[in-house]
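Letter by letter, the chains look like this.
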Amino acid sequence: MSSARKTVSKRQATNATGSESGGGGGSGATPIVATSQVSRFHTETLTTLSNDIDLKDVNISIGQRTLLAGANLRLFRGVHYGLVGQNGVGKSTLLKVLGYKLLAGFPSNVRVLYVEQLEGADMARPVVSVVMDADRAAARARRELKLVQGALEGDDPAEVANIMREVKMDRLKDDLEAADKIALERSGARGADARKKLIEQERRMAEAKAANDEPLSKQEITRASAEAQELLTELFASMDLYGEEAAEAKARSILKGLRFPPAWQDRPLGELSGGWRIRVALASALHIEPDILLLDEPTNHLDLPAIIWLQDYLYQLSDTTIVTVSHDRAFLNAIADEIVVFKNQTLTYHTGNFDEYLENTEEKRKYKEKMAEALDRKKAAAEKAVQVSMSQARKAGDDKKMSQAASKQRKLERMGMEVNEKGHRFKLNRDRAGFFLSTRDDVDVEKAEQAPTWSIPDPTPLRQAGAIIEVDNVSLGYGRKQPLLVEDVTLNIDQNARIAIVGANGSGKTTLVKALVGDLAPLKGKITRHLTAKIGYFTQHHVDELHQYPVETSALSLLLERDPEHREQECFAHLGKYGIKGSIALQPLRSLSGGQMVRVAFALSTFGSSPHLLILDEPTNHLDYLTTEALIMALKEFAGAVVIVSHDQFFVSEVAEQVYAVRKKKFELLEGGMEEYVKICRKGRTR
């Protein structure tokens, strides 16, 4: 609009603060400031008839650090987006801004759900109930139905009146909470009107509390039965939408797809580990089916069968807009219609899945490189021709030739892009409207994104030949009275091995790895380890442990504390091998992004002397695709042996030369590698 202006709205939420730093500072308590361009006729809590989002000039910052500047946020109904960008760029923060509706101009009628918002549930409630109660309107309708129906069946008019008081009070609390939220968000005349409504709602609440403190009157008791019957009819009608049996069946179906054992679905939420609670949060999000669903690394802690189920389920949500942050390339390829690239404080949109985005971007870059080279040659030839013409004109004193040379010089200055961004022939009046310092732009060749440099130090050569670990007919479990997890495992890990171990969660992969590193003794069989070989072990628990250190602890101070004999410069150099450079090495660990924490954990696991065997359990969790590629290259160049446990199809396919699966208590070599395991999982999904 012609009267467009920027409305700056600073909103702070206790659970929506910046935690994804990665190189810019900002602690977990730093508030997020999110603004967008709106007109004077536009309200910050606009209600629209469409679920499409198209906001201009979006700016997001955490403290002094700017994440987005002048970006265009575009989310269309039913489109499934993959949001990608390097670790620490601000992807999780953007999802929080959208999920908590911190962005000025974001439509209030669009239901947005960020999975993290489901945390804080009652730990004593059964898992299936937590998933069902995620839809608050449905949960309230079911609870009110039970209360009112129970009171009417009790045939006690006074009890019916008390229940009606309770129901009315709960509804007033919900209305007050909604009015308070709207009053906080709106400004100007609409803000003043919202605050008047809030004051009126507060008055009603105060009157209701005062009335409830008084004893029940005969009129209220008589009136309550008729009101309860009316409410019961209304609630029965709503059960067509919020029926408990249908809701429970849907919740159990989702939990089953996420590999929840039937018995676990009725267990209290507090008895589950962190990974399983993440699945509950994900199940709650899928149960609600909002207008916009925001998923932040949904495949972390999921095994491949669950990942395949999830991508198939998301594909069915054709009316739901989905924004997914994921570093699992195969998952993004399966679910994304468009890729949104978060880079250089802006958002760019690319039609197609992740591999198509990479392919198209590389083709476009190479095309522009050729165009730039051709333009440079053309300019060089033109400059030479102008110089020759000028020289000849001066020698001859010919003004006409001098004028021709000047004309060629002006033509040279007009050289630049010959086609626009859409590939059409360049037209000055269409493609160069406004004021510019030149007639045409030079060809802008965007540099190819470079993976961060990782360098895993090579181990000192072993004097004795032979395998690093030999596993002979081993069976594993936790006590002879407990059932075995894995039986009759035979494995030889030589000094140059590249082995992957795959399988569903709970199948025994981690148990096997613990046996390999010596943390668990076999119940049957024998494990022989090389006498002088050093074994390095990386697991996500090592990343979690970094959060337990004091607030001021940095990556550098942690290494110096681990081995005080090393000089500070040596510690800096070691961290630099994993991309933890400069000021990042000095930042508090808690201000680092998930991917940067993984790098610090890797640096710790190889600090001192490099291992002859690296055993990595889910190493790609939280790593962006460029860092994953850096890890792949580092492992390929590493002179020692590597054993990985991973559900990342791309990572396993690139690193492993042998793929073993743990299935039905057996340990078997898959001749077809990761592709064969994917087929096995899909076959099990269709049964």
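Predicted model, so just to flag it, every value in this text is computed and none were measured.

Draft legend 1. Expanded view of empty space enclosed by the protein. Counting across every chain of the model gives two cavities of 30 Å³ or more. Here the largest cavity defines a volume of roughly 70 Å³. Lining the largest cavity, in full, are Leu-73, Leu-75, Leu-83, Leu-94, Leu-95, Leu-98, Val-323, Val-340 and Tyr-349. The set of elements that each furnish at least two residues to the lining of the largest cavity consists of strand S5 (65–75) and helix H1 (91–99). In terms of residue count, the dominant contributor to the lining of the largest cavity is H1 (three residues). The residue inventory of the lining of the largest cavity, partitioned by class, reads nine nonpolar, no polar and no charged. Approximately 30 Å³ is the volume found for the second largest cavity.

Draft legend 2. Broad picture of the pattern of salt bridges. The tally for this structure, following the rule as stated, stands at 24 salt bridges. In this structure, the salt-bridge partner of Lys-56 is Asp-54, at a minimum N-O distance of 3.6 Å. Ionic pairing is found between Lys-524 and Asp-488, a salt bridge with its closest N-O pair at 3.1 Å. Placement of Lys-524 in strand S15 (residues 524–529) and of Asp-488 in strand S13 (residues 486–493) is noted, with a sequence separation of 36 residues between them. A residue is classified by how much of its surface remains accessible, and Lys-524, at 40% relative accessible area, is partly exposed.

Draft legend 3. Expanded view of the environment of Pro-31. Looking at the element boundaries, Pro-31 is found in strand S3 (residues 30–39). Taking the C-alpha atoms as reference points, Pro-31 and Ile-62, 31 residues apart in sequence, are found 6.2 Å from one another.

Draft legend 4. Structural view of the environment of Arg-143. Tracing the backbone through its elements, the reader meets Arg-143 in helix H3 (residues 136–153). Residues Arg-143 and Leu-235, 92 residues apart in the sequence, show an inter-C-alpha distance of 10.0 Å. Beyond its immediate sequence surroundings of up to four residues, Arg-143 is in contact with Glu-166 and Asp-170. For Arg-143, the side chain forms a polar contact with the side chain of Asp-170, separated by 3.2 Å.

Draft legend 5. Seen up close, the pairing of strand S14 (residues 498–502). Of all five residues making up S14, five are buried, and the element is well covered by its neighbours. With burial as the criterion, each face of S14 is covered, one bearing Arg-498, Ala-500 and Val-502 and the other bearing Ile-499 and Ile-501. For S14 and strand S18 (residues 641–645), the ladder comprises four bridges, and the chain directions are parallel. If you follow Ile-499 over to S18, its bridge partner there is Val-643. As paired elements, S14 and strand S19 (residues 658–663) share four bridges and run parallel to each other. The partner of Val-502 across the bridge, within S19, is Ala-661.

Cut-offs applied
Residues numbered from 1 in each chain as written. Predicted model: local features only at pLDDT ≥ 70, side-chain atom pairs only at ≥ 80, totals over all residues. Heavy atoms only, no water. 1 Å grid on protein atoms, 1.4 Å probe; cavity = no way out; pocket = protein on both sides within 12 Å on 5 of 7 lines; lining within 4 Å. Points joined across faces, edges and corners; volume = space filled by probe spheres on them. Helix = DSSP H or I, 4+ residues; strand = E, 2+ residues; numbered from the N terminus. Nonpolar A, V, L, I, M, F, W, Y, C, P; charged D, E, K, R; others polar. Salt bridge = Lys/Arg side-chain N within 4 Å of Asp/Glu carboxyl O. Buried < 20%, exposed > 50% of the residue type's maximum accessible area, 1.4 Å probe, protein only. Contact = heavy atoms within 4.5 Å. Polar contact = N/O pair within 3.5 Å; in protein donor to acceptor, adjacent residues only side chain to side chain. Pairing = 2+ DSSP bridges.

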